[in-house]
Amino acid sequence: MEASKPLPKGYPVNPSSIGNYLKQYRIAYGYSAFEISLEFEVYDSTIYKWEHGLTEPTPENTKKIIKFMGYDPRIYNPLKIENYELT
């Protein structure tokens, strides 16, 4: 029986916002906040604020996040994390 690999530090186990889902995706696929900020044409501090629930992405940026991830994590979460909710 193998022990499960520990989750990376800061990995949101029970995401509840689009920012949490973005952080989960970013960590799972090895992106830095800076790389994500370049993709969405925002400051990396903006990514930090989204991921920590200090601000919410605009509707336009939410669409960019969904397009980048390839799915709407509020509806379908292929990373198999439970306890999420629509926001």
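Residues numbered from 1 in each chain as written. Predicted model: local features only at pLDDT ≥ 70, side-chain atom pairs only at ≥ 80, totals over all residues. Heavy atoms only, no water.

Some details on the pattern of salt bridges
So, step 1. All told, the structure shown has 2 salt bridges when counted by the stated rule.
So, step 2. Lys64 serves as the salt-bridge partner of Glu60, at 3.8 Å between the closest nitrogen and oxygen. Residue Glu60 and its partner Lys64 are both found in helix α4 (residues 59–69); the two are separated by 4 residues, about one turn of the helix.
So, step 3. A relative accessible area of 27% means that Lys64 is categorised as partly exposed. (Salt bridge = Lys/Arg side-chain N within 4 Å of Asp/Glu carboxyl O. Helix = DSSP H or I, 4+ residues; strand = E, 2+ residues; numbered from the N terminus. Buried < 20%, exposed > 50% of the residue type's maximum accessible area, 1.4 Å probe, protein only.)

Side note on helix α2 (residues 33–40)
So, step 1. Along α2, the residues that are buried comprise Ile36, Ser37 and Phe40. Each buried residue of α2 lies within a common arc of 105 degrees when the element is viewed along its axis, so the set occupies one face.
So, step 2. Looking at the packing, one finds that the buried side of α2 touches α1 (18–28), α3 (44–51) and α4.
So, step 3. Of the residues one or two after α2, Glu41 is the one with positive phi, at around 55 degrees. (Arc of directions from axis to C-beta. Contact = heavy atoms within 4.5 Å.)

Brief notes about the side chain of Asn61
So, step 1. Mapped onto the elements, Asn61 comes out in helix α4.
So, step 2. Among the residues examined, Asn61 registers a relative accessible area of 10% and is labelled buried.
So, step 3. Excluding anything up to four places from it in sequence, Asn61 contacts Phe40, Val42 and Trp50.

A look at unusual backbone geometry
So, step 1. In this model, Glu41 sits at a positive phi of 55 degrees, which is unusual for a non-glycine residue.
So, step 2. Relative to the assigned elements, Glu41 resides in the loop between α2 and α3.

Thoughts on the environment of Glu51
So, step 1. Checked against the element boundaries, Glu51 lands in helix α3.
So, step 2. When the C-alpha atoms of Glu51 and Gln24 are compared, they prove to be 9.0 Å apart, with 27 residues separating the residues in sequence.
So, step 3. Filtering out sequence-adjacent residues up to four positions away, Glu51 remains in contact with Gly19, Asn20, Leu22, Lys23 and Arg26.
So, step 4. Among the polar contacts made by the side chain of Glu51, one reaches the side chain of Arg26 at a distance of 2.7 Å. (Polar contact = N/O pair within 3.5 Å; in protein donor to acceptor, adjacent residues only side chain to side chain.)

Points about the nonpolar core
So, step 1. Counting residues in hydrophobic clusters, the biggest one holds 12 residues: Ile18, Tyr21, Leu22, Tyr25, Ile36, Phe40, Ile47, Trp50, Ile65, Phe68, Met69 and Tyr71.
So, step 2. For this core, the elements supplying multiple residues, two or more each, are α1, α2, α3 and α4.
So, step 3. Top element by residues in this core is α1. It accounts for 4 residues.
So, step 4. Residues within four places of Ile36 in sequence aside, it is in contact with Leu22, Arg26, Tyr31, Ile47 and Phe68. (Core = buried A, V, L, I, M, F, W, Y, C linked by side-chain atoms within 4.5 Å.)

What to know about the packing of aromatic side chains
So, step 1. The final tally for this structure, using the stated rule, is 7 aromatic pairs.
So, step 2. With a centroid separation of 6.3 Å and an interplanar angle of 50 degrees, the aromatic rings of Phe40 and Trp50 are classed as tilted. Of this pair, Phe40 sits in helix α2 while Trp50 sits in helix α3, placing them 10 residues apart in sequence.
So, step 3. Classification of Phe40 as buried rests on a relative accessible area of 1%.
So, step 4. Taken together, the ring pairs connect Tyr25, Tyr29, Tyr31, Phe40, Trp50, Phe68 and Tyr71 into an aromatic cluster. (Phe/Tyr/Trp six-rings, centres within 6.5 Å; stacked < 30°, edge-to-face > 60°.)

Geometric descriptors of this kind do not, in isolation, establish any biological role.
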